[in-house]
Amino acid sequence: MKEYWTSLASLLGVFAFCQSLMHSIFPPELRFAFLKFFNRVFHLFSSYCYFDITEIDGVNTNELYNAVQLYLSSSVSIAGNRLSLTRAVNSSSITFGLSNNDSIVDTFNGVTVLWEHVVTQRQTQTFAWRPLPEEKRGFTLRIKKKDKTLILNSYLDYIMERANEIRRKNQDRLLYTNSRGGSLDSRGHPWESVPFKHPSTFETLAMDPLKKQQIMDDLKDFANGQVFYQKTGRAWKRGYLLYGPPGTGKSSMIAAMANYLGYDIYDLELTEVHSNSELRKLLMKTSSKSIIVIEDIDCSINLTNRKKNSSNVSSLSRSYYEAETRNGSGSGGSGEEGGNGNNNTITLSGLLNFTDGLWSCCGSERIFVFTTNHIEKLDPALLRSGRMDMRIYMSFCNFPSLKILLKNYLGYEEEDVGEDLLKEMERVVDKAEMTPADVSEALIKNRRDKEKAIRDLLEDLKSRGERNVKDGKLRGGNGNLTELEVVEEQEKRAIDSQNGRDEKDHDEEEIELEDNICR
Ligand SMILES: Nc1ncnc2c1ncn2[C@@H]1O[C@H](COP(=O)(O)OP(=O)(O)OP(=O)(O)O)[C@@H](O)[C@H]1O
Ligand SMILES: [Mg+2]
């Protein structure tokens, strides 16, 4: 051991001597050339190669630098003992990072690499369009030469992907709206955004637990389904239709979906969109991993009459034709649209293209959610599978939902309520047809006195149930209208109206055809 130290000291001594000799004998240019040469020889024989990832590339920020910083933050937070902490704008969490000139080892597919965070003082401020930071920051990646192909092909991609995930997790999600009408912001963006902080989650959502689990599984399958969608040649998107009476949790469900998947929400206000092409532009400006929501689709716009009375143009193509000519003239709707006196120039075809056509694939991993209180009013074209992959009926408060609400608002488990009261509630809850919103209100009102809250709620449930039976609102021998019956009834009505419309459309088309032939 002693010998080893002696030889190392003598080697260093020789090196120092050579250096001082160089300083005294050789001019700086020669010294620099020698060092460069020495460096080259060293790299030639070294088994490592190095990659520099600087923070600023020319005058642009290097995205890879930010990605590496974020990526390393996930491993540094566990391993490092001197860390830098940052908190980004729009973020409610803190990110750990490597301190200046610190290094860390990472392993990828069995290959070990070394990252060094290099910070040096910027020497002179060269001319730049924007002031550069005083410090020059960058990462140096050291890898074995034999691993170069693997690293360059997949490691850096992996880092970018992981960084995006971390960014999404750390950053507050955004809620976008197009309420500014067709006007653009200074960056040419048609959407305005605010941080999205809705507290609704699947845990707080009152609905049948089995149905809830089904929806959660469906969402997870979708989010993890990149390979599946690619393999089957389908666009990576999914449509959900939420329907049911007001106050049954449709909007809360959307918030829960966004919180569950970590997606942004685009709340599309159809009445603010003036044409099909504007709709397309809005779609193009949405990001992937997002939920595009059209609430109360039956009220937003008259979308039921896809085919309209027309003189000499096929009605379906007419709706396209109308939209396009109006776009061409640049007007916001001249009044002849659809022949229904409605100034809005969006057509059902435009909307279907938005969710379903080629344009819908200009991003990926997107969910479309439509909500309505009246499924029977919707055009069947909107309901067909592929467009609405899942139709979810949000029902009046039933017993499983009631138990969830009691837990949410009073912190009560079943045993806290008491067996008799619980049975009584179970007996009356379906007949009462109270929405979860009504039940929530009743519980919030008395949340300081939990027993009173339960008593009042039970009274409320009973009196509403009796009233419903008396008014003949409920059907069946015992006056019970089951949730299944409600769903069946609504869907049947929707399908009936589809058949009716199809027949009517068919007749109209035949008349049109005859007219055209005569002409
Ligand atoms: N299923 C539910 N689970 C938990 N809370 C609910 C549920 N349904 C309604 N609520 C409560 O009632 C309020 C209103 O619900 P929400 O806005 O989600 O209903 P909605 O179905 O979207 O109504 P509308 O059809 O009028 O838009 C929510 O703030 C929530 O607190
Ligand atoms: Mg709503």
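The structure under discussion appears in the preceding block.
The structure displayed is predicted, hence computed values, not measured ones.

**A few points about the overall build of the protein chain**
At step 1: Check the secondary structure of the protein chain and you find 18 helices and 15 strands.
At step 2: A buried classification covers 39% of the 519 residues belonging to the protein chain.
At step 3: A fraction of 70% describes how many contacts in the protein chain between residues 6 or more apart in sequence connect residues 24 or more apart.
At step 4: About 29,900 Å² of surface is accessible on the protein chain, with carbon and sulfur atoms providing 52% of the total.

**Brief notes about the packing of helix α13 (residues 399-410) against helix α15 (residues 419-432)**
At step 1: Interaxial distance between α13 and α15 falls to 9 Å at its minimum, and their mutual angle equals 130°. In terms of orientation, α13 and α15 fall into the oblique class. Note on packing geometry: the crossing formed by α13 with α15 is right-handed. Along the contact surface, α13 presents Phe-399, Leu-402 and Leu-406, while α15 presents Leu-422, Met-425, Glu-426 and Val-429.
At step 2: For the contact of α13 with α15, the class distribution of residues is 6 nonpolar, no polar and 1 charged.

**Focus: the side chain of Ser-440**
At step 1: Looking at the secondary structure, you find Ser-440 in helix α16 (residues 436-445).
At step 2: Once residues within four sequence positions are removed from consideration, Ser-440 is found in contact with Leu-405 and Tyr-409.

**Notes on the pattern of salt bridges**
At step 1: For the coordinates displayed, the defined rule picks out 15 salt bridges.
At step 2: With a closest N to O distance of 3.1 Å, Arg-137 and Glu-55 form a salt bridge. Of the two residues, Arg-137 is situated in strand β8 (residues 135-144) and Glu-55 in the loop between β1 (48-54) and β2 (56-57); the sequence distance between them amounts to 82 residues.
At step 3: A residue is classified by how much of its surface remains accessible, and Arg-137, at 27% relative accessible area, is partly exposed.
At step 4: Residue Glu-55 is classed as buried on the basis of its relative accessible area, which comes to 16%.
At step 5: For Lys-462, the salt bridge identified is with Glu-424, shortest N-O distance 3.2 Å. Of this pair, Lys-462 sits in helix α17 (residues 450-470) while Glu-424 sits in helix α15, and the two are 38 residues apart along the sequence.
At step 6: We classify Lys-462 as partly exposed; its relative accessible area is 24%.

**Comments concerning the pairing of strand β6 (residues 103-108)**
At step 1: With burial as the criterion, only one face of β6 is covered, namely that bearing Ile-104, Asp-106 and Phe-108; the residues Ser-103, Val-105 and Thr-107 on the opposite face remain uncovered.
At step 2: Relative to strand β7 (residues 111-121), β6 runs antiparallel, the two sharing 6 bridges. Following the sheet pairing, Phe-108 is matched in β7 by Val-111.
At step 3: Between β6 and β7, which pair antiparallel one after the other, the connecting turn spans 2 residues, and Asn-109 there sits at a positive phi close to 50°.

**Concerning the site of ligand 1**
At step 1: Close to ligand 1 lie 16 residues, the nearest being Ala-206, Gly-247, Lys-250, Ser-251 and Ser-252.
At step 2: Within the backbone of Gly-249, an N or O atom sits 3.0 Å from a nitrogen atom of ligand 1.
At step 3: Lys-250 is positioned with one of its side-chain polar atoms (N or O) 2.8 Å from an oxygen atom of ligand 1.
At step 4: Protein chains shield 72% of the accessible area of ligand 1, which is 620 Å² for the free molecule.
At step 5: If you list the elements that add at least two residues to the shell around ligand 1, you get α7 (250-261), α13 and α16.
At step 6: Here the residues of the shell around ligand 1 sort into 7 nonpolar, 8 polar and 1 charged.
At step 7: In terms of domain composition, the shell around ligand 1 takes at least three residues from each of domain 2 (175-393) and domain 3 (399-470).

**Concerning the environment of Ile-292**
At step 1: Relative to the helices and strands, Ile-292 is located in strand β13 (residues 290-294).
At step 2: Among the residues examined, Ile-292 registers a relative accessible area of 0% and is labelled buried.
At step 3: Distance in space between the C-alpha atoms of Ile-292 and Phe-368 is 4.8 Å, their sequence separation being 76 residues.

**Overview of the pairing of β8**
At step 1: Bridging between β1 and β8 involves 7 bridges; their strand directions are antiparallel. Residue pairing for β8: Ile-53 is matched across the bridge by Phe-139.
At step 2: Two strands pair when backbone bridges link them, and β7 and β8 are joined in this way by 8 bridges, in the antiparallel orientation. When the sheet's bridge partners are listed, Gln-121 is paired in β8 with Glu-135.

**Notes on the sheet that holds β6**
At step 1: Taken in spatial order, the 4 strands of this open sheet run β1-β8-β7-β6, and their pairing is antiparallel. Each end of this open sheet is capped by a strand with a single partner; those strands are β1 and β6. Each strand of the sheet is rotated relative to its neighbour by a mean of 25°, with strand direction disregarded.

**Observations concerning the sheet that holds β13**
At step 1: Spatially, the 7 strands line up as an open sheet ordered β10-β9-β12-β13-β14-β11-β15, and their pairing is mixed. Looking at the sheet topology across the chains shown, the edges are occupied by β10 (192-195) and β15 (390-393). Here the strands of the sheet are splayed against their neighbours by 20° on average, with no regard to which way each runs.
At step 2: As paired strands, strand β11 (residues 237-243) and strand β14 (residues 366-372) are joined by 7 bridges and run parallel to one another. Bridging from a neighbouring strand, Arg-238 pairs with Ile-367 of β14.
At step 3: On top of the sheet, helix α11 (residues 348-356) reaches β11, β13 and β14; it is set at about 140° to β14, its chief contact.

How each quantity is defined
Residues numbered from 1 in each chain as written. Chains lettered and ligands numbered in written order. Predicted model: local features only at pLDDT ≥ 70, side-chain atom pairs only at ≥ 80, totals over all residues. Heavy atoms only, no water. Helix = DSSP H or I, 4+ residues; strand = E, 2+ residues; numbered from the N terminus. Buried < 20%, exposed > 50% of the residue type's maximum accessible area, 1.4 Å probe, protein only. Contact = heavy atoms within 4.5 Å. Areas by Shrake-Rupley, 256 points an atom, 1.4 Å probe, with all protein chains shown as cover. Axes fitted to C-alpha atoms, helices over the stretch in contact; angles between N-to-C directions. Parallel < 35°, antiparallel > 145°, perpendicular 65-115°, else oblique. Left-handed = near helix turned anticlockwise from the far one by under 90°. Nonpolar A, V, L, I, M, F, W, Y, C, P; charged D, E, K, R; others polar. Salt bridge = Lys/Arg side-chain N within 4 Å of Asp/Glu carboxyl O. Pairing = 2+ DSSP bridges. Near = heavy atom within 4 Å. Polar contact = N/O pair within 3.5 Å; in protein donor to acceptor, adjacent residues only side chain to side chain. Domains from an automatic or database assignment.

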